Amino acid sequence: MRELAEKLIEETRLSSLKRFLTTPRRVLAVLYAYTICSRLEDCVLEASIASALYVEALMENDRLDTSWLPSHIRVHVERALSDAEDAALRAPSSLYAQIGLDADLLARIGALSMLATRGLGADNLRDLLAKFAESLSYAYAADYIVYTKPAKSLVQILRPHTIAMAKWLVEELSLLGIDSSIKAERSAGGLVAYIDIRSCLGARASKLVSVKPSSNCVIFKLDYECILGNMGYKICIPETTRTR
């Protein structure tokens, strides 16, 4: 997938952007930004891809340098970053902020998001559950936080992939002695969805849920304790990251 993202960046004549493709979500964000922009009128591909890459980095708590960008691209990127930072307070008015945030949403769900995640292995059940919780939560909440029409169409295609993969994981875990199910619920901060562990190797699992506000979202924390040990992880509730 990185090769495809690099090819699209080369077509924008902003080859230096390739050095920022350091995570799977950034790669996917570039690809989805291209798809969204290609389906919109009056959308500039260079501004769309650059904005999505910079916004995705911002979502990963990494602020990239914009000073080297051509001025006609930089103005769009910087406005997109400003709008994205305030998305928890007000809906972005910038088209490229909307594309960047929608590309981030799409990069979190779907089969490619699962397959492209580094370090996601069968040897670490906690990380596996955390990744599915993020993807499921964004898939279930997508209708509330998506902005562009093309992204809305893509969500309808990707969401069934996410849920199907979660069902597959539930079935395979049951073969290994872990009884679980997909659970979606409303919390104080919005909608979350995750794979709920009920028992491990025949022993009942205990679950503790806590909700805590942070600077830019509300954290939904799950702590499981069973014969396998502690499997705690956090979800940044999708609906609280963006305002409609």
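Residues numbered from 1 in each chain as written. Predicted model: local features only at pLDDT ≥ 70, side-chain atom pairs only at ≥ 80, totals over all residues. Heavy atoms only, no water.

Draft legend 1. View of the state of the cysteines. Taken as a whole, this structure holds three disulfides when the rule is applied. Between the sulfur of Cys 37 and that of Cys 43 lies a disulfide, 2.1 Å long from S to S. Disulfide Cys 37 to Cys 43: torsion about the S-S bond roughly -120 degrees, handedness left-handed. Residue Cys 200 pairs covalently with Cys 226 via a disulfide, S to S 2.4 Å. The sign of the -80 degrees torsion about the S-S bond sets the Cys 200-Cys 226 disulfide as left-handed. With a gap of 26 residues between them, Cys 200 in strand β2 (residues 190-200) and Cys 226 in strand β5 (residues 218-226) connect regions that are remote in the sequence. Residue Cys 200 is classed as buried on the basis of its relative accessible area, which comes to 0%. According to the relative accessible area criterion, Cys 226 is buried, its value standing at 10%. (Disulfide = S-S within 2.5 Å. Helix = DSSP H or I, 4+ residues; strand = E, 2+ residues; numbered from the N terminus. Buried < 20%, exposed > 50% of the residue type's maximum accessible area, 1.4 Å probe, protein only.)

Draft legend 2. The packing of helix α5 (residues 95-108) against helix α8 (residues 149-175), seen in detail. Taken N-terminus to C-terminus, the directions of α5 and α8 make an angle of 5 degrees; their axes are 11 Å apart at the nearest point. Classified by the interaxial angle, the pair formed by α5 and α8 is roughly parallel. Contact with α5, carried on its side by Asp 102, Leu 105 and Leu 106, involves Ala 151, Leu 154, Val 155 and Leu 158 of α8 and no other residues of that element. Looking at the contact of α5 with α8, its residues break down into six nonpolar, no polar and one charged. (Axes fitted to C-alpha atoms, helices over the stretch in contact; angles between N-to-C directions. Parallel < 35°, antiparallel > 145°, perpendicular 65-115°, else oblique. Contact = heavy atoms within 4.5 Å. Nonpolar A, V, L, I, M, F, W, Y, C, P; charged D, E, K, R; others polar.)

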